[in-house]
Amino acid sequence: MSIGAIALWALAVLLMIVGLIGTVMPALPGVVLVFVGIVLGAWIGNFEVVGTGVVIAAGGLTAASLVIDYLSQILFARRAGASRAGLIGAAIGTVAGIMAGLVGLLLFPLVGAAVGEMMAHQDIARAGRVGMATWVGLMVATVLKLAIVFLMIGLFVVALWV
């Protein structure tokens, strides 16, 4: 194996590792990075070792994770009775949380949804419900995305060794 091929394999693995980390850190497009690493790994082997079926499956899982990520907070918040202001507050909280690190990522969507809801309805109980529902949606999405990422990496590893 040439030095160039080794460097490309190292890049593919690095993309998957950073993607795995990015799955729990919304500032990084985690699942997408894992997918790019899988495509690179398949390309290095001319799609013979890791075939197009694995790449297509990984692409489908990537698309599913994006849908899950987008819908989970909204569905949980809506189920708790969130208004448009609560949803906007959650989105603003998520963006602010990205800049504030891990604690911000965990707390700011909840706080943003609650503040948005308080501004719209001046009902602290409703604001708390919506904030918690938004946070639960974020956690559910994160767990599901982690499962998807591990499945994608598992498919890739099995394809390499089988």
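Structure: above.
Figured I'd write up the structure that's included with this text. What you see is a predicted model, and the numbers here were worked out from it, not measured in a lab. (Residues numbered from 1 in each chain as written. Predicted model: local features only at pLDDT ≥ 70, side-chain atom pairs only at ≥ 80, totals over all residues. Heavy atoms only, no water.)

Let's talk about the overall build of the protein
- Secondary structure assignment for the protein yields five helices and zero strands.
- Traced from its N-terminal end to its C-terminal end, the protein shows the element sequence α-α-α-α-α.
- Considered along the principal axes of its C-alpha atoms, the protein spans approximately 65 × 25 × 20 Å.
- In the protein, which comprises 162 residues, the share counted as buried stands at 38%.
- A separation threshold of at least 6 residues defines the contact pool for the protein, and within that pool the share at least 24 residues apart is 64%.
- A total accessible area of about 8,700 Å² is found for the protein, and carbon and sulfur atoms account for 79% of it.
- Looking at charge distribution, the protein has the averaged site of its 6 positive side-chain charges lying 12 Å from that of its 4 negative ones. (Helix = DSSP H or I, 4+ residues; strand = E, 2+ residues; numbered from the N terminus. Buried < 20%, exposed > 50% of the residue type's maximum accessible area, 1.4 Å probe, protein only. Contact = heavy atoms within 4.5 Å. Areas by Shrake-Rupley, 256 points an atom, 1.4 Å probe, with all protein chains shown as cover. Lys, Arg positive; Asp, Glu negative; His and termini not counted. Charge placed at Lys NZ, Arg CZ, Asp CG, Glu CD.)

Let's talk about the side chain of serine 72
- On the secondary structure map, serine 72 appears in helix H3 (residues 52-79).
- Looking at serine 72, the relative accessible area reads 9%, which means it is buried.
- The residues contacting serine 72, other than those within four sequence positions of it, are Gly137 and Ala141.

Overview of the packing of helix H4 (residues 84-121) against helix H5 (residues 124-161)
- The geometry of H4 relative to H5 is characterised by a closest axis approach of 8 Å and an angle of 145 degrees between their N-to-C directions. For H4 against H5, the interelement crossing comes out right-handed. Two secondary-structure elements touch here, H4 through Ala90, Leu105, Leu106, Pro109, Leu110, Ala113, Ala114, Glu117, Met118 and His121 and H5 through Ile124, Arg126, Ala127, Val130, Gly131, Met132, Thr134, Trp135, Leu138 and Met139.
- Among the residues forming the contact of H4 with H5, the class breakdown is 15 nonpolar, three polar and two charged. (Axes fitted to C-alpha atoms, helices over the stretch in contact; angles between N-to-C directions. Left-handed = near helix turned anticlockwise from the far one by under 90°. Nonpolar A, V, L, I, M, F, W, Y, C, P; charged D, E, K, R; others polar.)

A few points about the nonpolar core
- Grouped together as the largest cluster of nonpolar side chains are 21 residues, with contacts concentrated most on Met16, Val34, Ile38, Val50 and Met152.
- For this core, the secondary-structure elements that each account for two or more residues are helix H1 (3-24), helix H2 (30-44), H3 and H5.
- Those residues within four positions of methionine 16 in sequence are excluded, and the remaining contacts are Leu33, Val34, Gly37, Ile38, Ile153 and Phe156. (Core = buried A, V, L, I, M, F, W, Y, C linked by side-chain atoms within 4.5 Å.)

What about the packing of aromatic side chains?
- Following the criterion strictly, the structure yields one aromatic pair and no others.
- Here the aromatic rings of tryptophan 9 and phenylalanine 156 are separated by 6.3 Å at their centres, their planes lie at 50 degrees, and the arrangement is tilted. One end of the pair, tryptophan 9, is in helix H1; the other, phenylalanine 156, is in helix H5, with 147 residues separating them in the sequence. (Phe/Tyr/Trp six-rings, centres within 6.5 Å; stacked < 30°, edge-to-face > 60°.)

Side note on the side chain of threonine 142
- Take threonine 142: it is sitting in helix H5.
- Classification of threonine 142 as buried rests on a relative accessible area of 16%.
- Reaching out from threonine 142, the side chain makes a polar contact with the backbone oxygen of leucine 138 at a distance of 2.9 Å. (Polar contact = N/O pair within 3.5 Å; in protein donor to acceptor, adjacent residues only side chain to side chain.)

Considering the environment of alanine 5
- Along the chain, the position of alanine 5 falls in helix H1.
- The exposure class assigned to alanine 5 is buried, which follows from its relative accessible area of 17%.
- Each C-alpha atom, one on alanine 5 and one on isoleucine 124, is 58 Å from the other, the two residues being 119 residues apart in sequence.

Focus on the packing of H3 against H5
- In contact at an axis separation of 7 Å, H3 and H5 are set at 175 degrees when each is read in the N-to-C sense. Judged on the interaxial angle alone, H5 and H3 are roughly antiparallel.
- Residue classes in the contact of H3 with H5 are distributed as 19 nonpolar, six polar and two charged. (Parallel < 35°, antiparallel > 145°, perpendicular 65-115°, else oblique.)

A word on the pattern of salt bridges
- A complete count under the given rule lists two salt bridges for this structure.
- Here lysine 145 ties to aspartate 69 by a salt bridge, and the two come within 3.4 Å at their closest N and O atoms. Of the two residues, lysine 145 sits in helix H5 while aspartate 69 sits in helix H3, which places them 76 residues apart along the sequence.
- The partner of arginine 126 in a salt bridge is glutamate 117, with the nearest N and O atoms 2.9 Å apart.
- We classify glutamate 117 as buried; its relative accessible area is 0%. (Salt bridge = Lys/Arg side-chain N within 4 Å of Asp/Glu carboxyl O.)

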